[in-house]
Amino acid sequence: MSRRPWYREYLKGLWEENPIFRMLLGMCPTLAVTTSAVNGLSMGLATTFVLTSTSLVVSIIRKLVPSQVRIATFTMIIATFVTVADLFLKAKFPAISKALGPYVPLIVVNCFILGRQEVFASKNPTGRSILDALGVGSGFIFALTLLGSIRELLGSGEVFGHEVIPSWHPWVVMILPAGAFLTLGFLVAAMNIIEERTR
Amino acid sequence: MSVSARMMIVLTVVGAFSGLSLVYMDKYAEPYIALHKKEAIREAIGKVLPDVAGAEEVHRDEIVIYRALDSSGGLVGYAFLAEGPGYQGTIQLMVGVAPDLRRLTGMEVLESVETPGLGAKITESSFKEQFRGLEVVPAVGYVKAGRKPAPNEITAITGATISSTSVVRIVNEGLKEVRRVIDFRAAEPVPLKEGGTN
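Definitions and limits used
- Residues numbered from 1 in each chain as written.
- Chains lettered and ligands numbered in written order.
- Predicted model: local features only at pLDDT ≥ 70, side-chain atom pairs only at ≥ 80, totals over all residues.
- Heavy atoms only, no water.
- Salt bridge = Lys/Arg side-chain N within 4 Å of Asp/Glu carboxyl O.
- Helix = DSSP H or I, 4+ residues; strand = E, 2+ residues; numbered from the N terminus.
- Buried < 20%, exposed > 50% of the residue type's maximum accessible area, 1.4 Å probe, protein only.
- Pairing = 2+ DSSP bridges.
- Contact = heavy atoms within 4.5 Å.
- Buried area = accessible area lost by both parts, 1.4 Å probe.
- Polar contact = N/O pair within 3.5 Å; in protein donor to acceptor, adjacent residues only side chain to side chain.
- Nonpolar A, V, L, I, M, F, W, Y, C, P; charged D, E, K, R; others polar.
- pLDDT = per-residue confidence, 0-100.

Further remarks concern the pattern of salt bridges. Applying the stated criterion to the full structure yields 14 salt bridges over all chains. Here A:D132 ties to A:K12 by a salt bridge, and the two come within 2.5 Å at their closest N and O atoms. With a gap of 120 residues between them, A:D132 in helix α7 (residues 126-156) and A:K12 in helix α1 (residues 6-14) connect regions that are remote in the sequence. The pair A:D132 / A:K12 is uniform in exposure class, with both members buried. Between B:E173 and B:R169 there is a salt bridge, and its shortest N-O distance comes to 3.9 Å. With a gap of 4 residues between them, B:E173 and B:R169 both fall in helix α3 (residues 161-181), about one helical turn apart. Taking the relative accessible area as the measure of exposure, B:R169 reaches 34% and is therefore partly exposed. If you follow the salt bridges from partner to partner, you end up with A:E9, A:K12, A:E17, A:R116, A:R128 and A:D132 in one network.

The following block contains the structure:
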């Protein structure tokens, strides 16, 4: 398909096809779990694991799957890796698993994971598919960690649990759902401005 | 090969692989998850009762009570799990109570999904510490912030009265159950049917 240099497959996910800031996909976990930087980072890592593993399997079997059942097949593969990630977090990182709650099993309905299979992994060779998945995953990690850091900073004066602004008077609203919408809105606006200026 | 045959084969093979890997993953994770659960309970018992060396799990009328013992085997109190609806989801508490069932020795929040910054303060020590030494006869009550609480009352969190009173209600309901199965007026605790040790 595309004949771009291989590194472009990775880099495009970070900026021009960033799932959160450019494509506005996967908003539900983005808004819900980014109450702190560590939650955002863990959610991003779990999602990237699911996305990359799924892209790997889908790109390997892409020529065998009849198009009529491709969505069912992709969903089954995604659900398998999500359950693996969920059980792994529960077994090894119970505190993080508790903080993320139902949002780990809900990765299964994250639309950009199925989206990457449809538009990329089912049509491209394995190497490029993995790079594409890692790129989009890194873009997601970047967005969630940034969002979580800003909300944690303004909501409690800390980032990753470390005090950044001493004797900060917490803006409780930043940790509440409204804070997620506000932060995301400002960030998307900022990304749009940067995009316009650099074009 | 016809398309429908290919569809069936692909879905069957993918489904079988997925099932197999999940069985394997579950086998790997299950003992860890059980261990974390047990640890969380043991840790909570240690927090709500002083000088706990060990705890016996006691089952009676479908109620689980932990009989906490110190290092010489003396009874330091009882701990029990209690849960009920909070402002948003279910609140699960571990409550420690003295052997005479007249005052609490501590309270820990195991699970809650209260509003961050408001109701979630029930998990902070400033709120939980109020339960240490709190009298529970006739029942636990609460006052709003600014008023002086009686020995059996706690001060509710400002802006989170519902979360605070939910905790009070869950504690009272749990105590009622515990009182029903343990005869606290007896000088010696009534021998209980033991369902296993922890």
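That shown, we press on.
Each regular strand displays side chains that alternate between the two surfaces of the sheet. Residue and element names in this part refer to chain B. With 5 bridges joining them, strand β2 (residues 63-69) and strand β3 (residues 75-85) adopt antiparallel strand pairing. Each bridged residue has a counterpart across the sheet, and for Y66 the counterpart in β3 is A79. Note: β3 against strand β4 (residues 90-97), 8 bridges, orientation antiparallel. For Y78, the partnering residue across the bridge sits in β4 and is V97.

We now examine unusual backbone geometry. Note the cis peptide between B:V137 and B:P138, where omega equals 0°. Residue position: B:P138 is located in the loop between α2 (125-128) and β6 (141-143). With a phi angle near 50°, A:L24 is a residue other than glycine that sits in the positive phi range. Tracing the chain through its elements places A:L24 in the loop between α1 and α2 (27-33). Non-glycine residue B:L101 carries a positive phi angle of around 55°. Structurally, the position occupied by B:L101 is in the loop between β4 and β5 (104-111).

A few words now on the interface of chain A and chain B. Across the contact, 24 residues belong to chain A and 22 residues belong to chain B. Between chain A and chain B lies a buried interface of about 1,900 Å² when both sides are counted; carbon and sulfur atoms form 78% of it. Considering only the surface of chain A that becomes buried against chain B, A:M76, A:L87 and A:A91 emerge as the three largest contributors, covering 25% of it. Counting the contacts that link chain A with chain B gives 0 salt bridges. For the interface between chain A and chain B, the tally reads 5 residue pairs in polar contact (both at pLDDT 80 or more). Of all the secondary structure elements, the ones that give two or more residues to the side of chain A that touches chain B are α4 (70-92) and α5 (94-100) of chain A. With 12 residues, α4(A) is the largest single contributor of residues to the side of chain A that touches chain B. Residues belonging to the side of chain A that touches chain B are distributed by class as follows: 16 nonpolar, 4 polar and 4 charged.

This part covers the confidence of the model for chain B. Low pLDDT marks regions whose predicted coordinates should not be analysed in detail. All names here are of chain B. Looking at chain B as a whole, its pLDDT mean stands at 84, while 92% of the residues score no less than 70. Looking at the elements of chain B, mean pLDDT is at its lowest for strand β8 (residues 194-197), recorded as 45, and at its highest for helix α1 (residues 3-48), recorded as 91. In the predicted structure, residues 193-198 sits below a pLDDT of 50 and forms 16 contacts with residues beyond four places in sequence or in another chain. Across the assembled chains, the prediction reports ipTM 0.77 with pTM 0.75.

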